[in-house]
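Descriptive structure summary
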Amino acid sequence: MEYRLFGRTGVRVAPLCIGAMNFGNPTDEAEALRIIDRALDAGINMFDTANSYNNGESERIIGRALARDGKRDRVFLATKGHFPVGPGPNDRGNSRLHLMRACEDSLRRLQTDHIDLYQIHRPDPATPVEETLAALTDLVRQGKVRYVGCSTHPAWRVMEALMVSELKGYARYVSEQPPYNLLDRRIENELLPLCQTYGLAIIPWAPLAQGVLAGRYTDIAAPPPDSRVALRGGIYAERVTARGIAIGRAFAALASEHSLTPAQLALLWVKDQPGITAPIFGVRTLAQLEEALPVLEMTLSDDLRVACDALVPPGSAVVDFHNTSGWMKMRLP
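Anyway, here's the lowdown on the structure attached to this text.

Criteria and thresholds
- Every chain is numbered on its own, with residues counted from 1 as its sequence reads.
- Side-chain atom pairs in this predicted model are given and counted only at pLDDT of 80 or more, local residue features only at pLDDT of at least 70, and totals for whole chains, interfaces and linings cover all residues.
- To obtain the side-chain values, all non-hydrogen atoms of the structure were used and water was disregarded.
- Residue types Ala, Val, Leu, Ile, Met, Phe, Trp, Tyr and Cys, when buried and joined through side-chain atoms within 4.5 Å, form a set referred to as a nonpolar core.
- Exposure classes here rest on a 1.4 Å probe applied to the protein chains alone. A residue is buried below 20% of its type maximum, exposed above 50%, and partly exposed in between.
- Helix and strand definitions follow DSSP, with helices as H or I runs of at least four residues and strands as E runs of at least two, each counted in order from the N terminus.
- Contact criterion: two residues are considered in contact whenever any of their non-hydrogen atoms come within 4.5 Å of each other.
- In this analysis, strands are considered paired if DSSP registers two or more bridges between them.
- Whenever a pair of cysteine sulfur atoms sits within 2.5 Å, that pair is classed as a disulfide.

1. Overview of the nonpolar core
Counting 88 residues, the largest nonpolar core has Phe23, Ile44, Tyr118, Tyr173 and Leu183 as the members making the most contacts within it. Among the elements that line this core, the one with the most residues is helix α10 (residues 262-271), at seven residues. Ignoring anything within four residues of it in the chain, the contact list for Tyr173 reads Ile120, Thr132, Leu133, Leu136, Val148, Gly149, Cys150, Ala161, Leu162 and Leu200. Residues Cys17, Leu117, Ile203 and Ile280 belong to the second largest nonpolar core, which totals 13 residues.

2. Overview of the sheet that holds strand β10 (residues 280-281)
The sheet built from eight strands is open, its strands ordered β9-β8-β7-β6-β5-β4-β3-β10 with parallel pairing. The open sheet terminates on both sides in strands that have one partner only, identified here as β9 (201-202) and β10. Both strand β7 (residues 145-151) and strand β8 (residues 173-177) contribute to a ladder of three bridges, which runs parallel. Note on β8: the bridge partner recorded for Cys150 is Glu176.

3. Points about the state of the cysteines
Inspection of every chain in the model, using the stated rule, returns zero disulfides. Cysteine Cys17 shares no disulfide, and the gap to the nearest cysteine sulfur, in Cys150, comes to 15 Å. Residue Cys17 is classed as buried on the basis of its relative accessible area, which comes to 0%. With no disulfide partner, Cys103 has as its closest neighbouring cysteine sulfur the one in Cys150, 16 Å distant.

4. What about the side chain of Thr27?
Counting through the fold element by element, Thr27 comes out in the loop between β3 (17-19) and α1 (29-41). On the basis of relative accessible area, Thr27 is assigned to the buried category, the value being 3%. If we ignore the near neighbours within four places in the chain, the residues touching Thr27 are Asn22, Ala32, Ile35, Val283 and Arg284.

5. A few points about the environment of Gly215
Along the polypeptide, Gly215 turns up in the loop between β9 and α7 (228-231). For Gly215 and Ile245, which are 30 residues apart along the polypeptide, the C-alpha to C-alpha distance reads 8.1 Å.

Printed below as a string of structure tokens:
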């Protein structure tokens, strides 16, 4: 397995990141520990979570897992702050007040004295970017955070943050975490070229299109009982459409022609797109992880790349995975 530089930092990460959104619900702690241990044994060294995942339980599980036998030192640990974590008006957003509290709370749950990558989970139009970056800079100078990044930001906000950091000497974003998969390729138009130009790592979420590209859904009216659509509905249900399922069927046939499972091809496609550092795989079971591990040493062939482009052309989208961004105005039928 070839490790990749994390943007323009000197950090090297595996080309697959473990996303912990499922830890605590529906993945219980025992299964999460097995997933973490197997991933580490396979050489995966980056784990991503957030303070809002399952009311902080995801962070707590990772904290307990990495506190065992010196495992913390083997991991590039990422978490995020922004979304509501309480009923108060300041229990959310990107203000100094909220971020300082949120980071301290994450440190306690993760049982660590520092976070390797602290990310702003979404933009906050009500808070000047200068305030957010100044708070993040203080956290870095205090030794509580090593690097800072953002998630699901439009290209112009990433560029604004880079400019302000340059002008004021603030900590600089080293990464962006956008939604990206074959069904929603819109980051290829502006965000991806921006990150390539200015040396930001890109760690996409939803590389399997929430299971649509893995063959999880065959009928919108009858989702699998253990799927996010069935368990959570709402924004997750919006991402499963008849058009997406139809392309998923064609995608599954393409994967079979090349002796791959649909999930393997979905991960491989994202992993080997230009500018991508490591897709975030929101693994739910150990079996899912085992299926994904061979992708670490695979390379996307030119003919497969062309065939995937024929299903969904570059820069376009057929399903809306920016439906939680808060800023994307384009809605897909």
